[in-house]
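Chain by chain, the residues run as shown.
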Amino acid sequence: MSRLMMRLLLTLLPLQAWAIYRPLAQSLFDEQIIEHRYYTLSYSEPHEVSRWVSYTLELFQLQNCVNRTNSFKIDPLVKTGSANQADYKGSGFDRGHLLPAGDMKWNQTAMQETFYFSNMTPQPANFNRGKWGSIEELVRAWVLKYKKLWIVTGPVLKDNLPVIGPQQVVVPEQYYKVILRQEGKKYLGIGLLISTDVPHPDVKSYITSINHIEAITQIDFFPFLENESTEDEVDYSKWDLKAKFSYPTCGIE
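Quick caveat: nothing in here was measured; it's all calculated off a predicted structure.

J.: Just checking my understanding: could you explain the state of the cysteines for this structure?
T.: Disulfide: a covalent bond connecting the sulfur atoms of a pair of cysteines. The tally for this structure, following the rule as stated, stands at 1 disulfide. Across the disulfide, Cys-65 is cross-linked to Cys-250 (sulfur-sulfur distance 2.1 Å). Disulfide Cys-65-Cys-250: torsion about the S-S bond near 105°, hence right-handed. With Cys-65 in the loop between strand 4 (49-58) and helix 3 (85-88) and Cys-250 in the segment after strand 13 (219-220), this pair connects stretches of sequence that are 185 residues apart. You can call Cys-65 partly exposed: its relative accessible area is 30%.

The structure is reproduced here in structure tokens:
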């Protein structure tokens, strides 16, 4: 099926049906699309990191059922070989998750999958454990409030980025999250663009339109929304920026 025909099909499908199609993002880059059980990624061999990771996060997935494993491992599905521990050793950078381990505490397999090196990028510790972590927490709080989100996240990859390790793993300077939710028959979207070295006290300083992030990354995150205004919106009032999160007890339905 041609790219044009697939895009037309995705446009005509309702969101519930469309959501079973993977990946949730499309780009013109020659990369390997990998489908793990609980998320999909696009691995960029020249950069030795994923360009994007996409997944759905629902209320039942926020249960606090399993502990963080910290068992980092090579992704066996990356045909060219993923980054590994030797690339990070002595670098001074954290192995920063794209899909957070904190989003997958509901299931042991889901937790283990987040520790593939294909789901990591080198991040400064103060960013990974500070701004990036606070945004991850806010997204989980939104799931508590809005029940279900479609999320694509990743680094902004460009020329001449610094590298670490024997495999020359790039060190991104910016990261993004693009998020979609359904409200009745309408889709609401939001984009967050975050630099690793600029402290912003207010989450509003990260927020931008999905279209703006698409222009920077050259990725079409939600193809079926291509002709809708959702991706142009920058409306703070539709997202609770002060939402708080705590894990529900394991065993909720």
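J.: Mind showing me how you'd approach unusual backbone geometry here?
T.: Excluding glycine, residues mostly carry a negative phi; peptide bonds, for their part, are mostly trans. With a phi close to 55°, Asn-70 is a non-glycine residue in the positive phi region. Mapped onto the secondary structure, Asn-70 falls in the loop between strand 4 and helix 3. Positive phi is not limited to glycine here, since Lys-147 has a value of about 80°. On the secondary structure map, Lys-147 appears in the loop between helix 5 (125-146) and strand 7 (148-155). A relative accessible area of 46% places Lys-147 in the partly exposed class.

Procedures and definitions
- Residues numbered from 1 in each chain as written.
- Predicted model: local features only at pLDDT ≥ 70, side-chain atom pairs only at ≥ 80, totals over all residues.
- Heavy atoms only, no water.
- Disulfide = S-S within 2.5 Å.
- Helix = DSSP H or I, 4+ residues; strand = E, 2+ residues; numbered from the N terminus.
- Buried < 20%, exposed > 50% of the residue type's maximum accessible area, 1.4 Å probe, protein only.

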